[in-house]
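Examining the three-dimensional arrangement
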Amino acid sequence: MRILLVGENWHGSLVTSCYEALIKLGNETSIFDFRREFELDAKFSSFPIIGRLEWSHRREITNRKLSDTCISLKPDVLLVFKGELITPEALKKIKQKTGAILCNWNPDDPFNKVNSSRDLIKCIPLYDIYFIWGKFLIPEIRQAGVKRVEYLPFGYDTHLHHPVNLTDEEYKLYGSDIVFIGTWDREREELLQCITDFDLGIWGNAWENVTIAAVKKYWKSNARYGEEMSKICNASKIVLNLVRRQNGNAHNMRTFEVPACGGFMMAKRTQEQIEFLEDGKGIVSFGNIDELKEKIKYYLIHEEERKEIARYGMEKVLYGGHSYVDRMRYIVDYIKEL
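Here is what the cut-offs are and how they apply
- Residues numbered from 1 in each chain as written.
- Predicted model: local features only at pLDDT ≥ 70, side-chain atom pairs only at ≥ 80, totals over all residues.
- Heavy atoms only, no water.
- Helix = DSSP H or I, 4+ residues; strand = E, 2+ residues; numbered from the N terminus.
- Rg over C-alpha atoms; globule rule 2.2 N^0.38 Å.
- Buried < 20%, exposed > 50% of the residue type's maximum accessible area, 1.4 Å probe, protein only.
- Contact = heavy atoms within 4.5 Å.
- Areas by Shrake-Rupley, 256 points an atom, 1.4 Å probe, with all protein chains shown as cover.
- Pairing = 2+ DSSP bridges.
- Axes fitted to C-alpha atoms, helices over the stretch in contact; angles between N-to-C directions.
- Phe/Tyr/Trp six-rings, centres within 6.5 Å; stacked < 30°, edge-to-face > 60°.
- Lys NZ or Arg CZ within 6 Å of the ring centre and 35° of its normal.
- Right-handed = clockwise from strand over helix to strand, strands pointing away.

**Section: the overall build of the protein**
In terms of regular secondary structure, the protein is built from 15 helices and 12 strands. Over its C-alpha atoms the protein spans a radius of gyration of 21 Å, differing by no more than 12% from the 20 Å that the globule rule assigns to 338 residues. Along the first, second and third principal axes, the C-alpha atoms of the protein reach 65 × 50 × 40 Å. Counting every position in the protein, which comprises 338 residues, the buried fraction comes to 52%. Intrachain contacts of the protein at a sequence separation of at least 6 include 65% that bridge at least 24 residues. Accessible surface for the protein amounts to roughly 15,900 Å². Of this, 49% is attributable to carbon and sulfur atoms.

Okay, structure coming up:
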């Protein structure tokens with residue numbers, strides 16, 4: 001099957017993981033990095049009026065490049081990851097000229113203004129299949145007019161997320177009693193403020209925005225991916241997974257990545273995570289700050305229980321069909337049945 005992926009292509013990205021999985025499954029696959037193409041030759045982004053005009057022009061040019069690429073490659077499937085800059089006109093042209101099955105796998109909430117756009121909403125009915133990671137979003141996506149909505153959870157990359165052996169120096173560099181790996185936001189900052197009396201480590205982007213000094217001092221560096229993220233998970237006793245409110249009662253990428261790396265995960269309680277990993281067996285969950293603190297104190301001094309939960313969680317993820325190869329196989333098989 002000839003498949004064109006549309007999204008951001010960088011080491012550690014969802015698009016790159018899916019690309020490698022599709023290649024492994026024997027599909028003729030390529031990537032159109034929409035963000036990179038869009039940002040080429042941007043000169044006036046810091047100027048309000050000229051910048052908006054340039055932004056509009058670059059979006060038009062990039063959509064034209066995408067259409068031309070599809071017409072040239074003639075893919076059987078176009079798989080878009082989110083696609084907030086793609087216009088309805090471009091999708092219509094691609095469908096008309098190539099007959100490709102148009103799919104979207106949105107790693108965010110399409111109806112959350114922070115992660116969406118007018119064009120993204122307008123494009124929803126144009127996709128033949130819309131894959132989404134959260135069951136709670138299915139009714140609204142269906143109501144938006146898409147033909148088929150399919151639940152597709154996140155997963156892990158076998159090349160990036162796996163246990164690693166550490167030197168003594170790496171334990172010192174990457175290790176903390178409690179570690180959080182993720183992007184800053186106000187909600188996360190306020191929660192982490194409540195556990196600054198523990199040995200805390202924070203790795204992620206945008207933490208320069210922190211206003212609470214007690215939290216900022218624990219920020220070690222920007223985001224880490226692949227083997228370096230695995231080292232952080234393996235060097236630390238507890239890996240926090242702070243599922244955002246926008247994820248509802250679902251899950252996020254760390255749900256699978258942390259156990260796959262062999263880390264002991266303590267996560268904000270959601271129904272889907274418990275279904276995947278079993279609370280107290282493959283994951284330890286919490287519902288409020290008091291419960292979080294209580295469980296941190298308990299598991300910091302119960303090393304064998306931590307190791308057993310981390311081991312069980314890793315087995316559930318590795319042998320439960322949760323790799324991106326499994327996810328891409330599901331997409332390919334689903335499309336073949338149409």
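Additional details are given in the paragraphs that follow.
**Here we look at the sheet that holds strand 1 (residues 2–6)**
Strand order in the open sheet made by the six strands is 2-1-3-4-5-6, with parallel pairing throughout. Lying at the two open borders of the sheet, with one neighbouring strand each, are strand 2 (28–32) and strand 6 (149–151). Adjacent strand axes in the sheet meet at a mean angle of 20 degrees when their direction is disregarded. As paired strands, strand 3 (residues 77–80) and strand 4 (residues 101–106) are joined by four bridges and run parallel to one another. Within the sheet, the bridge partner assigned to Leu 79 lies in strand 4 and is Cys 103. Helix 1 (residues 14–24) contacts strand 1, strand 2 and strand 4 of the sheet and is inclined by roughly 165 degrees relative to strand 2.

**Some words on the packing of aromatic side chains**
Under the counting rule described, the total for this entry stands at 15 aromatic pairs. Aromatic side chains Trp 133 and Phe 136 sit 5.8 Å apart centroid to centroid with 70 degrees between the ring planes, which places their arrangement in the edge-to-face category. Taking the ring centre of Phe 38 as reference, the NZ or CZ of Arg 58 above it sits at 4.5 Å. Against the face of Tyr 151 rests Lys 135, its NZ or CZ located 5.1 Å from the ring centre.

**Observations regarding helix 10 (residues 227–235)**
Within helix 10, burial applies to Met 229, Ser 230, Lys 231, Ile 232, Cys 233 and Ala 235. Contact partners of the buried residues in helix 10: helix 7 (168–174), strand 7 (178–181), strand 8 (200–203), strand 10 (238–241) and helix 11 (254–261).

**Here's the deal with the sheet that holds strand 8**
Taken together, six strands build an open sheet; the order of strands is 9-8-7-10-11-12 and the sheet is parallel. Each end of this open sheet is capped by a strand with a single partner; those strands are strand 9 (219–221) and strand 12 (284–286). Across this sheet, the average inter-strand angle for adjacent strands is 30 degrees, counted without regard to direction. When strand 10 meets strand 11 (residues 265–268), the two strands line up parallel, connected through three bridges. The residue bridging Asn 241 from the neighbouring strand is Ala 267, located in strand 11.

**Details of the pairing of strand 5 (residues 129–132)**
In strand 5, alternate side chains face the same way, and those of Ile 129 and Phe 131 on one face and Tyr 130 and Ile 132 on the other are all buried. With four bridges joining them, strand 4 and strand 5 adopt parallel strand pairing. Pairing of Cys 103 across the sheet is with Ile 129, part of strand 5. For the crossover that starts at strand 4, traverses helix 5 (residues 118–123) and ends in the parallel strand 5, the hand is right-handed. Bridge count between strand 5 and strand 6: three bridges; the pairing is parallel. Considered in strand 6, the bridge of Tyr 130 is made with Val 149. Where the polypeptide runs from strand 5 across helix 6 (residues 138–143) and back to strand 6, its parallel neighbour, the crossover connection is right-handed.

By themselves, these figures tell us nothing about what the structure is for.
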